[in-house]
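So the chains spell out like this:
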Amino acid sequence: MIYTVPGSPFVAEHTVIFLLENALKRKIKIDIWPAMSFLDLAYGKLGIDPVSGLRIVDTADFEAISAAGSYLIIVTQVYSRLVASDLKIALMDVLNDVYPVYFFRNLGLPDEECRKIKLYELDRQTSIDHLTSIFVPAQAEEVSGGATSFAGGIFNIQPLAEVIGRLRSPGGCPWDIEQTHDSIRSNIIEEVYEYLEAVDDHDFHGMRKELRDILMQVVFHTRMAEEAGNFNLQDVIDEVTEKLIRRHPHVFGNLSVAGSDDVLHNLEAIKKLEKN
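Below, the structure is looked at part by part. Quick caveat: nothing in here was measured; it's all calculated off a predicted structure.

## Describing the overall build of the chain
- Looking only at helices and strands, the chain has eleven helices and eight strands in total.
- When the backbone C-alpha atoms are referred to their principal axes, the chain occupies close to 65 × 55 × 40 Å.
- For the chain, the proportion of its 276 residues judged to be buried stands at 33%.
- Of all intrachain contacts in the chain linking residues separated by at least 6 positions in sequence, the fraction that spans at least 24 positions is 55%.
- In the structure as shown, the chain presents an accessible area of about 17500 Å², 57% of it carried by carbon and sulfur atoms.
- Once the 26 positive and 42 negative side-chain charges of the chain are each reduced to a mean point, those two points are 5 Å apart.

This is the structure in structure tokens:
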């Protein structure tokens, strides 16, 4: 028997996983012939780097969709106008009606589409089919070839990570290579105190300078952790993003608050849940 799916059998194909699990239980041998995923084509069309925090979900993952706008997200399985309508309504709970999203389908085929539309237009597309997906940028972002573009310019931490990686690599700087978490422990403390001094002095130039040095320390420590196989910079970015979303249900969820006192009360309750 042959079972075929469009693109990669391991991307957005739950039936493949179901078949593999059942074949394993029944000791049935299965041969898999992989193909290029539509995601590989989408990265190029959209100009995004998945390492920068992309999340891929299907239209049934309402929990992930409820946080749309806080990170890059591709929604798959938008196979009908009815499904597109449900997705639009879910996204409108957290995003503006005219929020820009990207409609794409049939990537790699002669009739491929990849175009920017307004959110309210999502279910008005006449060409929706089983190969349709939607890309939702993070709020205040534009798609710009892998860098993150905000109103104030383009923020890209990759050059800093690459410089520190080069310093720590064979042939790099002997001093940087020799350092450990313990040996430079005092550095980050010193930088934080210098930043606080700049805050007290209302010295914005000094604040910028010290935040620069603090960021360098963060990337340096994560580089050493990555070399040891403990965690990496993306783990740190993902976890702080998830933490902020989790601790602000009044912004990213449906919780209502009357003011700062309610926010602090809810925060204490959330912290208690996190400890359990």
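## What about the side chain of aspartate 129?
- Tracing the sequence through the fold places aspartate 129 in the loop between β4 (113–118) and β5 (132–136).
- Only 2.7 Å separates the side chain of aspartate 129 from the side chain of arginine 105, close enough to count as a polar contact.
- Residues contacting aspartate 129, with those up to four places away along its chain left out, are Val78, Tyr79, Arg105 and Asn106.

## Regarding the packing of helix α7 (residues 185–200) against helix α8 (residues 204–227)
- Taken N-terminus to C-terminus, the directions of α7 and α8 make an angle of 160°; their axes are 8 Å apart at the nearest point. Considering their axes alone, α7 and α8 lie roughly antiparallel with respect to each other. In the packing of α7 onto α8, the handedness of the crossing is left-handed. Contact with α7, carried on its side by Asn187, Ile188, Glu191, Val192, Glu194, Tyr195, Ala198 and Val199, involves Gly206, Met207, Glu210, Leu211, Asp213, Ile214 and Gln217 of α8 and no other residues of that element.
- Residue classes in the contact of α7 with α8 are distributed as eight nonpolar, three polar and four charged.

## Structural notes on the pattern of salt bridges
- If you walk through the whole model with that rule in mind, you get 14 salt bridges.
- A salt bridge links lysine 29 to aspartate 31, with the shortest nitrogen-to-oxygen separation between them at 2.6 Å.
- Taking relative accessible area as the criterion, aspartate 31 reaches 47% and is therefore assigned partly exposed.
- The closest approach of N and O atoms between arginine 168 and glutamate 227, which form a salt bridge, is 2.5 Å. Pair noted here: arginine 168 is in helix α5 (residues 158–168) and glutamate 227 is in helix α8, with a separation of 59 residues, a long-range link.
- Of the residues examined, arginine 168 reaches a relative accessible area of 11% and is grouped as buried.
- Overall, glutamate 227 belongs to the partly exposed group, its relative accessible area being 38%.
- The network of salt bridges with shared partners includes Arg105, Asp111, Glu113, Arg115 and Asp129.

## Overview of the side chain of glutamine 217
- Positionally, glutamine 217 belongs in helix α8.
- Beyond its immediate sequence surroundings of up to four residues, glutamine 217 is in contact with Ile184, Asn187, Ile188 and Glu191.

About the criteria used
- Residues numbered from 1 in each chain as written.
- Predicted model: local features only at pLDDT ≥ 70, side-chain atom pairs only at ≥ 80, totals over all residues.
- Heavy atoms only, no water.
- Helix = DSSP H or I, 4+ residues; strand = E, 2+ residues; numbered from the N terminus.
- Buried < 20%, exposed > 50% of the residue type's maximum accessible area, 1.4 Å probe, protein only.
- Contact = heavy atoms within 4.5 Å.
- Areas by Shrake-Rupley, 256 points an atom, 1.4 Å probe, with all protein chains shown as cover.
- Lys, Arg positive; Asp, Glu negative; His and termini not counted.
- Charge placed at Lys NZ, Arg CZ, Asp CG, Glu CD.
- Polar contact = N/O pair within 3.5 Å; in protein donor to acceptor, adjacent residues only side chain to side chain.
- Axes fitted to C-alpha atoms, helices over the stretch in contact; angles between N-to-C directions.
- Parallel < 35°, antiparallel > 145°, perpendicular 65-115°, else oblique.
- Left-handed = near helix turned anticlockwise from the far one by under 90°.
- Nonpolar A, V, L, I, M, F, W, Y, C, P; charged D, E, K, R; others polar.
- Salt bridge = Lys/Arg side-chain N within 4 Å of Asp/Glu carboxyl O.

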